[in-house]
Every structure is written in structure tokens, then in C-alpha cells.
Amino acid sequence: MAARRISSLLSRSLPTSIRYLGKNPTYGRGISRFSTAVALEEQPIVPQVQVNHTQLLINGQFVEAASGKTFPTFDPRTGEVIAHVAEGDVEDIDRAVAAARKAFDEGPWPRMSAYERSRIMYRFADLLEKHSDELAVLEVWDNGKTYEQAAKAELPMVARLFRYYAGWPDKIHGLTAPADGPHHVQILHEPIGVVGQIIPWNFPLLMFAWKVGPALACGNTIVLKTAEQTPLSALYAARLFHEAGLPDGVLNVVSGFGPTAGAALASHMEVDKLAFTGSTDTGKIVLGLASKSNLKPVTLELGGKSPFIVCEDADIDKAVEVAHFALFFNQGQCCCAGSRTFVHERVYDEFVAKAKERARRRVVGDPFKQGVEQGPQIDSEQYEKILKYIKHGIEAGANLEIGGERFGQKGFYIQPTVFSDVQDDMVIAKEEIFGPVQSILKFKDYNEVIKRANSTRYGLAAGVFTKDIDTANTMMRALKAGTVWINCFDVFDAAIPFGGYKMSGQGREKGIDSLKTICK
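Values in this document were obtained by computation on a predicted structure and should not be read as measured data.

A word on the overall build of the protein chain
Then, number 1: Scanning the protein chain for helices and strands turns up 16 helices and 20 strands.
Then, number 2: By the compact-globule yardstick of 24 Å for 520 residues, the protein chain fits well, its C-alpha radius of gyration being 23 Å.
Then, number 3: Looking at the protein chain residue by residue over its 520 residues, the buried ones come to 61%.
Then, number 4: Considering only contacts within the protein chain whose residues lie at least 6 apart along the sequence, 76% involve residues at least 24 apart.
Then, number 5: Only carbon and sulfur atoms are counted for the fraction: they give 51% of the accessible area of the protein chain, which is about 20100 Å².
Then, number 6: If the 59 positive side-chain charges of the protein chain are averaged to one point and the 61 negative ones to another, these points end up 3 Å apart.

Laid out in C-alpha cells, this is it:
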């Protein structure tokens, strides 16, 4: 049975993480709201960090790509180049896999005592905290997420994840089992071998932790491909891992593009397990390449079109705030975003009016500035894609309550956008937008909304806002999603598994479930 996660905060206040991220404590301090479009006309803040790691990390050494090629990584605030990064290709993946294979077959990591592996991982977590400022700045500069989100929410979570997995190596036990006849049966759990990992651009360091932590805890070696949009923070973090004592060849990092480096990793005959986070369409390609090569097992964490259901008994002010957070968090670039906001007809008009006003108050600007809630989209491609979806919504007859256009004159900023009167057959209600676009739909009764919420190819997450425990219990069992949040959203914990139903993926990450896929 697939692990399913239900978080419930019935009759309780919102958790600290949501209170902080959804209602910024420094809201508007010296920052213009999006409707004035003034904040971005100022000179962007210059990040106070040096970009020192732009090469590939193979066998413990930073090296150039075999071809000598590089590619630019851009500042989404301006579209300007931050640095040129080594462009890994098939030959570089071969070199990295060979280093990982040798480290697994001959090196100390899988043979090291579980206690010593734990010590190295704990030391790495300490180094993450020591260098959290530099890592947060790199994450913001390369990705566009706000500094307050990166520094005060994500970096502590990354360190927490590695400490969680650092506690696992000496707790992965085998079994003895009774058998018919005079036989002694011993069942062992062993590392699977060389693990290939492909991470996305929306949460580079968090996805680094979700992938690398469990693989190392089990004694595996790794070849990790970063997203071409955000290669910088993972290279820095991998250097810190070696400073913590990780043996050479155990963690190899290759920056490059999906059709070249990513395809080479997915189809490599010497890779024993593959983990991918990204879009559903790319996930299909990855799964196909893995099956056509050596039938390596694959974990996929893919797209979503998650429903957020506001019941008639909901506290509307709180529901508006959590629904706003569920969609707009991380510029809307979140696979589990609550991108279909279903609201009961009795409270629909009030909800729409307040959701519109909350979006109007949303602080957009340079993500390095204190008080900013929303930075730029990741790049020009995503920016243009979101604007096309907004156009689809308008042309389909949805009511554009607010937003719908670019913000400022520079960079990839988009106004917080709210549509009402959205219908299930509209493109904006069916496809993953991955941007700051809230679609609000009306429903009459719970049987109807359950059917409509489940009428999607996705099943990553869902949210429900209600005061009624019976309604909550009904919804959490009826919604076909890997995670169901009750009166909250985007509440994560190192020990709780995450993953989807249907075309939102297969397998689970985090918690004990992630260990099951990388041990034999």
C-alpha cells in the first residue's frame, strides 16, 4: 500500500511555518505592494557572496566538462548572467558513474561502520548551519525565491533532514526468520549501489537533501544532476560534504541539461537506482529510458493540480490566508500547490472578494529585500508560459479579479493573479501552471466536490478547510492524493513521506519510506 500522509490542525492555530511564510512579519516595510509597481525600479541588491564552484564534482575533485563547454546561469531578477557553469554531457556522466561505481565496489563508504557514516552526516549538517548565509544567498540569487524563505525556512529544514537521515544508518537492521526444515534464514538489507538522482530548480537544496540524505544513510554512492537553471547551491553543498569527511567518489555532481546529461544518467547501465523530481511529461521519458536500459527501479515525484477545498463552515479569513499561501508560496512554483481553490457557494462571494484583496496586498519585489513575499519566476521560459495560461483563462471566460500582467520593467516578475468563475473544463483548471495564478471554483455539496477534485490525472496533494471533524474525515479518505492537509498546507517534516497517486509519480520520499527504495 502506498504511504499516504494526512496533516490535521482542526480547531488549532496555524503552524509557525505557515504563519511566518503566509503572513510576513515584516510585511510592507519599505516595500511597495504589487499594484504600485515601484519597488523593482530601484537598483537590485548586490549579493554578498562569491561564486567559487562552477565546475563538475567528480571523484572528489572539481573538474571542467570533458568538452570544455559551459553554460550561463541567470539572475531571474534581471535576466543577467551570474556565472558560467561547466556543461556536463554523456562523457561526464560516464566519468561520474565510473567514480561512483569504484567508490561503491572498492571504497570505504559502504564498508564503513554505520556509526561513522552517521558522524560524517552530522558534521555535514553542522557545516550547513555554519554556511547557511552563503547557501541562502546562492539559492535566492540563482532561483528568485525570497531570502526570508530560503534562510529562515528552507535552510533549517535542509539541516534537519540531514540530521534525521544521519540517525538512520545504525537502525537499518536485518532479520532472522523461521523456515520449514533444518535451515537458518538470515535476511539482510544492503545498499542498492550507484544511485542516479535528478533534481528540479524550484527547491534546489531541499531536493538535494531529499535525494542525497537517504541514499547516503544506506551506504550508496551517488551521481546527482542539478537543474540547469539552478546549479550553484548543490555544488557548494557537495563541497561542504567533502569537508565533513565524505570519501571521494561517493557524491558526484554534474551540472547539465536534461536531454544530454539527464538522459545519459537515466539510461546508464551501471546506475542501479534512479530518483527524479520534475514534470510528469519528463518523468515519462525518464521512466522509459530506465526501463529500456537495465530495468533500474525509479522513484518519481512529478506534477500536481492539487485541490484546496473551502467548506461552508470555514473561518473565511483564515481560509483565504491559507489558500493564498497554498497557491502563491515560492512564486507558485510548487508541485503540490493548491492550484484549484474549490469554495462552497454559500461563502463563495465573500471568499473571492477577500482573496482578491489579499492578492492586492501581496508584496512583490527584489527577493533580497526584507518584507518581500514574492520574487521573480525562475526564467523567461516559465515567465512566458504563465502569461500564456493567464491569456487562456481570460479567453475561456474566467473572471480576472486582479493581476494578469508582468510586474515592473525588468526581470521575470508576474503580478499575483486571481481568477473567479473558473470551470472544470478550462485549461487553467486542468493543467499545471506553476506560477502565481489562483483559480477559484464554486461547488454546492461535498459529494460533488470530491468527484470534481478527483477528476484529474494528478494526485499529489489536497487541502481541506473545515471546522467539522466528520467532514474532515470524509474528505481525507475520499480524496485521491498522496498528502491531505486539513486546515493547513505545505506542512512538511523529515519523518513524513511525500509522493503522489496516479500521474503525480511513484514511490515516496522522506521518512522511512525513502529508505525502502534504496536498500535491497
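Once you've had a look at it, read on.
A few points about the packing of aromatic side chains
Then, number 1: Taken as a whole and judged by the stated rule, the model has 20 aromatic pairs.
Then, number 2: Between Phe124 and Phe241 the ring centres are 3.7 Å apart and the planes differ by 5°, which places this aromatic pair in the stacked class. Placement of Phe124 in helix H3 (residues 114-130) and of Phe241 in helix H7 (residues 232-243) is noted, with a sequence separation of 117 residues between them.
Then, number 3: Using a relative accessible area of 0% as the deciding quantity, one classes Phe124 as buried.

Quick word on the side chain of Gln438
Then, number 1: With respect to the element layout, Gln438 can be found in strand E17 (residues 437-443).
Then, number 2: For Gln438, the side chain forms a polar contact with the side chain of Thr341, separated by 3.5 Å.
Then, number 3: Not counting residues within four places of it along the chain, the set of residues in contact with Gln438 comprises Ala323, His324, Leu327, Phe328, Thr341, Phe351, Ala355, Thr417, Val418 and Phe419.

Let's talk about empty space enclosed by the protein
Then, number 1: Applying the stated rule across the entire model yields six cavities of 30 Å³ or more.
Then, number 2: A volume near 100 Å³ is recorded for the second largest cavity.
Then, number 3: Residue lining of the second largest cavity: 15 residues in total, with Pro214, Lys273, Ala275, Glu509 and Thr517 positioned closest to the centre.
Then, number 4: When contributions to the lining of the second largest cavity are tallied by element, the ones reaching two or more residues are strand E8 (194-198), helix H6 (204-217) and strand E11 (273-277).
Then, number 5: Element by element, the count of residues in the lining of the second largest cavity is highest for H6, at four residues.
Then, number 6: Taken together, the residues of the lining of the second largest cavity sort by class into six nonpolar, four polar and five charged.

With respect to unusual backbone geometry
Then, number 1: One non-glycine residue with positive phi stands out, namely Asp490, at about 55°.
Then, number 2: In this structure, Asp490 sits in the loop between strand E19 (483-486) and strand E20 (505-506).
Then, number 3: Residue Lys502 is not a glycine yet carries a positive backbone phi of 50°.
Then, number 4: Its location among the elements puts Lys502 in the loop between E19 and E20.

Describing the nonpolar core
Then, number 1: Counting 104 residues, the largest nonpolar core has Phe162, Phe208, Phe241 and Phe351 as its most contacted members.
Then, number 2: Counting residues per element, this core draws most heavily on H6, which supplies 10 residues.
Then, number 3: Apart from residues no more than four positions distant in its own chain, Phe208 is found in contact with Phe124, Phe162, Ile199, Gly213, Leu224, Ala234, Ala237, Ala238 and Leu251.
Then, number 4: By size, the runner-up hydrophobic cluster in this structure holds 31 residues, among which are Ala429, Ile433, Ala462 and Ala481.

A look at helix H5 (residues 147-166)
Then, number 1: Helix length check: H5 (20 residues) gives 27 Å between terminal C-alpha atoms against 28 Å at 1.5 Å per residue, within 8%.
Then, number 2: Glu154 marks where H5 bends most, by close to 35°; the proline Pro156 follows one to four residues later.

A look at the packing of helix H4 (residues 132-143) against H5
Then, number 1: Two elements in contact, H4 and H5, have axes separated by 9 Å at closest approach and are oriented at 130°. Classified by the interaxial angle, the pair formed by H4 and H5 is oblique. The crossing of H4 and H5 is right-handed. Across the interface between the two elements, Ser132, Asp133, Leu135, Ala136, Val137, Glu139 and Val140 of H4 pack against Tyr147, Ala150, Ala151, Glu154 and Leu155 of H5.
Then, number 2: Here the contact of H4 with H5 is composed, by residue class, of eight nonpolar, one polar and three charged.

Focus on the UniProt feature "active site" (unreviewed entry) in the protein chain
Then, number 1: Annotation from UniProt places "active site" (unreviewed entry) at Glu301.
Then, number 2: For Glu301, a relative accessible area of 3% puts it in the buried group.
Then, number 3: With residues near it in sequence (within four places) discarded, Glu301 still touches Met207, Trp210, Phe276, Thr277, Gly278, Cys335, Leu460, Phe498, Ser504 and Glu509.

Quick notes on helix H14 (residues 446-454)
Then, number 1: Residues Val449, Ile450, Arg452, Ala453 and Asn454 constitute the buried set of H14.
Then, number 2: On its buried face, H14 is in contact with strand E13 (307-310), strand E14 (340-344), E17 and helix H15 (469-478).
Then, number 3: The N-cap of H14, judged by a side-chain oxygen 3.2 Å from the amide nitrogen of Asn447 a few residues on, is Asp445.

Focus on the layout of surface pockets
It is the rolling of a water-molecule-sized probe over the atoms that shows where space remains empty.
Then, number 1: Volume-wise, the second largest pocket comes out at about 220 Å³.
Then, number 2: Considering the residues around the second largest pocket, the lining is formed by 14 residues, among which Pro72, Phe74, Glu228, Gln229 and Asp379 are closest to the centre.
Then, number 3: Put simply, the parts of the chain that give the lining of the second largest pocket at least two residues each are strand E4 (70-75) and helix H12 (380-396).
Then, number 4: Of the residues forming the lining of the second largest pocket, the biggest block, four residues, is contributed by E4.
Then, number 5: Considering only residue class, the lining of the second largest pocket consists of six nonpolar, four polar and four charged.

Focus on the UniProt feature "domain: Aldehyde dehydrogenase" (unreviewed entry) in the protein chain
Then, number 1: According to UniProt, the positions carrying the feature "domain: Aldehyde dehydrogenase" (unreviewed entry) are residues 62-519.
Then, number 2: Span residues 62-519 is 41% helix and 18% strand, its end C-alpha atoms 29 Å apart.

Looking at the environment of Ile316
Then, number 1: Examined against the element boundaries, Ile316 turns out to sit in helix H10 (residues 316-328).
Then, number 2: According to the relative accessible area criterion, Ile316 is buried, its value standing at 7%.
Then, number 3: In sequence terms Ile316 and Tyr348 are 32 residues apart; their C-alpha atoms lie 9.6 Å from each other.
Then, number 4: Residues contacting Ile316, with those up to four places away along its chain left out, are Val310, Val347, Glu350, Phe351 and Lys354.

Rules and cut-offs
Residues numbered from 1 in each chain as written. Predicted model: local features only at pLDDT ≥ 70, side-chain atom pairs only at ≥ 80, totals over all residues. Heavy atoms only, no water. Helix = DSSP H or I, 4+ residues; strand = E, 2+ residues; numbered from the N terminus. Rg over C-alpha atoms; globule rule 2.2 N^0.38 Å. Buried < 20%, exposed > 50% of the residue type's maximum accessible area, 1.4 Å probe, protein only. Contact = heavy atoms within 4.5 Å. Areas by Shrake-Rupley, 256 points an atom, 1.4 Å probe, with all protein chains shown as cover. Lys, Arg positive; Asp, Glu negative; His and termini not counted. Charge placed at Lys NZ, Arg CZ, Asp CG, Glu CD. Phe/Tyr/Trp six-rings, centres within 6.5 Å; stacked < 30°, edge-to-face > 60°. Polar contact = N/O pair within 3.5 Å; in protein donor to acceptor, adjacent residues only side chain to side chain. 1 Å grid on protein atoms, 1.4 Å probe; cavity = no way out; pocket = protein on both sides within 12 Å on 5 of 7 lines; lining within 4 Å. Points joined across faces, edges and corners; volume = space filled by probe spheres on them. Nonpolar A, V, L, I, M, F, W, Y, C, P; charged D, E, K, R; others polar. Core = buried A, V, L, I, M, F, W, Y, C linked by side-chain atoms within 4.5 Å. Expected span 1.5 Å × (residues − 1). Bend = angle between axes of the 7 residues up to and from the residue. Axes fitted to C-alpha atoms, helices over the stretch in contact; angles between N-to-C directions. Parallel < 35°, antiparallel > 145°, perpendicular 65-115°, else oblique. Left-handed = near helix turned anticlockwise from the far one by under 90°. UniProt positions renumbered as here; feature names shortened; annotations may be inferred.

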